[in-house]
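Structural overview
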Amino acid sequence: MQGGSDAFVKEGFNSWQKPERLITHMGKPPNSCHIIAAQKCEDLMNQHQSIVHDLFKLDDKVKTEYRVRLNASMDALRFLLRQGLPFCGHGEKEDDVNKGNFLQLLKYTGEQNDAIKEVRQAILEEIGHGVFDLLVDEFDDVSHKEKMGVVFRFVDKRGAIKERFIGVVHVKETSSLTLKSAIDDLFARYGMSITKVRGQGYDGASNMRGEFNGLRSLVSKESSSAYYVHCFAHQLQLVVVAVAKKHFDIADFFDMISTLLNVVGASCKRQDMFREIQREELEKGIKSGDVKTGT
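Counting restarts for each chain: residues are numbered from 1 in the order of the written sequence. With the structure being a predicted model, the display of local features is reserved for residues of pLDDT at least 70 and the display and counting of side-chain atom pairs for 80 or more, all residues being used for whole-chain, interface and lining totals. Excluded from the side-chain calculations are hydrogens and water; all other atoms, namely the structure's heavy atoms, are used.

A few points about the packing of helix α11 (residues 248–265) against helix α12 (residues 268–288)
How we decide: To obtain an axis, a line is fitted to C-alpha atoms, over the contacting stretch when the element is a helix, and the angle between two such axes runs from 0 to 180 degrees between their N-to-C directions. Helix numbers and strand numbers start at the N terminus; a helix is a DSSP run of H or I with at least 4 residues, a strand a run of E with at least 2. Under this scheme an angle from 65 to 115 degrees is roughly perpendicular, one under 35 degrees roughly parallel, and one over 145 degrees roughly antiparallel; angles in between are oblique. Contacts are assigned to residue pairs with any non-hydrogen atoms lying within 4.5 Å of each other. Residues were grouped as follows: Ala, Val, Leu, Ile, Met, Phe, Trp, Tyr, Cys and Pro as nonpolar; Asp, Glu, Lys and Arg as charged; and all remaining residues, including Gly, as polar.
Remark: α11 packs on α12, axes separated minimally by 7 Å, with the N-to-C direction vectors making an angle of 115°. By the angle class used here, α11 and α12 are roughly perpendicular. Of α12, the residues touching α11 (which contributes Val263, Val264 and Gly265) are Arg270, Gln271 and Phe274. When the residues that make up the contact of α11 with α12 are grouped by side-chain class, the tally is three nonpolar, two polar and one charged.

Pasting the structure below:
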């Protein structure tokens, strides 16, 4: 403790008859530990200097760009921590070829984002002010977060039918109102109008195809020409599942696969054993000539 003693830390202060000792403890700015700590505490308690307060001052575009950079940094951190890789390199200057894993990973992510933006912009320009169909499906990823995939189907200037993937949006739940809100945000971000939608393609779940409260009805209220079609791929899946259940051998096969995935996937040791068995079988196949290596 700068100022002379450890009275305030270990022993306790008992010289109250000598108030000048407090001045000695405080020390003189700017190198006084007490004054520096007090200033940091004051800055921490000052809400006008907080990140949240500054973030609310920014416009929507700057907020979005800030969140993109923050999410990219956090994704890079998670990846390096998960892989047990070092963050820093031997040099991090502008002219250094290799600035370390963290900065190089951020640079690579930025390059990929720029490429994705260019492709998405080309798709939106190809649609232009024309009409298009909206294809949506919800799913959960490996981290058990709800996602919504969005695809546009349209006819280009040469009369060819095209389907183009636009993006994946995170949603907190899969209710029709939440999905509609996420679609509105997506359309607003890319300058699209929902009144240009002439078709809707979803699965047969009630939150999607419901005639009164489903996503289908919410979109139709804003675009009465948006005709709903039950996704043909989903219809085919339902047919295949129904037929498979009627055939004992096929149903038994899929039940066995489901059980195997649950048993193996629930244990890291079983997964390692399965990989080892697969490696041995692959080596036998290569030696016997049953498996071609391509060399």
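Back to the write-up after that little detour.
As for the layout of surface pockets
Counted only if it meets this: A cavity here means a set of points on a 1 Å grid, drawn over the protein atoms and nothing else, where a 1.4 Å probe fits but cannot get out; a pocket is an open set with protein on both sides within 12 Å along at least five of seven lines, and a residue lines either one if it has an atom within 4 Å of a point. Grid points are joined across faces, edges and corners, and a volume is the space filled by probe spheres set on the points.
Quantified by volume, the second largest pocket comes out at close to 280 Å³. Considering the residues around the second largest pocket, the lining is formed by 13 residues, among which Leu135, Arg153, Glu163, Gly201 and Val229 are closest to the centre. Every element with two or more residues in the lining of the second largest pocket is listed here: β1 (132–140), β4 (197–202) and β5 (227–230). Take the lining of the second largest pocket: its biggest share by element is four residues, from β4. Each residue belonging to the lining of the second largest pocket can be placed in one class, and the counts come to five nonpolar, four polar and four charged.

Side note on the sheet that holds β4
Here is the rule: Any two strands with at least two DSSP-identified bridges between them are counted as paired.
Taking strand neighbours across the sheet as the criterion, the five strands line up as β3-β2-β1-β4-β5 in an open arrangement whose pairing is mixed. Two strands lie at the open edges of the sheet, namely β3 (161–170) and β5, each paired on one side alone. The sheet shows a mean angle of 25° between the axes of neighbouring strands, direction not considered. Direction of pairing for β1 relative to β4: parallel, over a ladder of four bridges. Within β4, the residue paired with Leu134 across the bridge is Gln200.

So, the pairing of strand β2 (residues 146–155)
Note: β1 against β2, eight bridges, orientation antiparallel. Each bridged residue has a counterpart across the sheet, and for Leu134 the counterpart in β2 is Phe152. Alignment of β2 against β3, held across nine bridges, turns out to be antiparallel. By the bridge assignment, Phe154 is partnered in β3 with Lys162. Remark: five residues form the turn of the hairpin made by β2 and β3, two consecutive strands paired antiparallel; Gly159 in that turn has positive phi of roughly 90°.

A short note on a nonpolar patch on the surface
Rules: For patch detection, residues must exceed 30% relative accessible area and be free of salt bridges, and they are connected within 9 Å for like charges or within 5 Å for nonpolar side chains (Val, Leu, Ile, Met, Phe, Trp, Tyr). The protein chains shown are the only cover counted for residues, whose accessible areas, like all others here, come from Shrake-Rupley with a 1.4 Å probe. For this document, the term salt bridge refers to a Lys or Arg side-chain nitrogen within 4 Å of an Asp or Glu carboxyl oxygen. Burial here depends on accessible area, computed with a 1.4 Å probe over protein chains only, as a share of the maximum for the residue type. Under 20% is buried, over 50% is exposed, and the range in between is partly exposed.
Taken together, the side chains of Ile250, Phe253, Phe254, Ile257, Leu260, Leu261 and Phe274 present a nonpolar region at the surface, about 660 Å² in accessible area. Per-element tally for the nonpolar patch: the top contributor is α11, with six residues. Along the chain, the position of Ile250 falls in helix α11. Using a relative accessible area of 35% as the deciding quantity, one classes Ile250 as partly exposed.

Points about the packing of aromatic side chains
As a reminder, the rule being used: Note on aromatic contacts: the rings of Phe and Tyr and the six-membered ring of Trp form a pair at centre separations within 6.5 Å, being stacked when their planes are under 30 degrees apart, edge-to-face when over 60 apart, and tilted otherwise. In this scheme, Lys NZ or Arg CZ marks a charge over a ring once it lies within 6 Å of the ring centre and within 35 degrees of the ring normal.
Summed over the entire model, instances satisfying the criterion amount to five aromatic pairs. Measuring from ring centre to ring centre gives 5.4 Å for Phe253 and Phe254, while their planes differ by 70°; the resulting arrangement is edge-to-face. The partly exposed category is assigned to Phe253, whose relative accessible area is 46%. The rings of Phe132, Phe152 and Phe187 are connected pair by pair, giving a single aromatic cluster. In this arrangement the basic side chain of Arg189 is found over the ring face of Tyr190, its NZ or CZ atom lying 5.6 Å from the centre.

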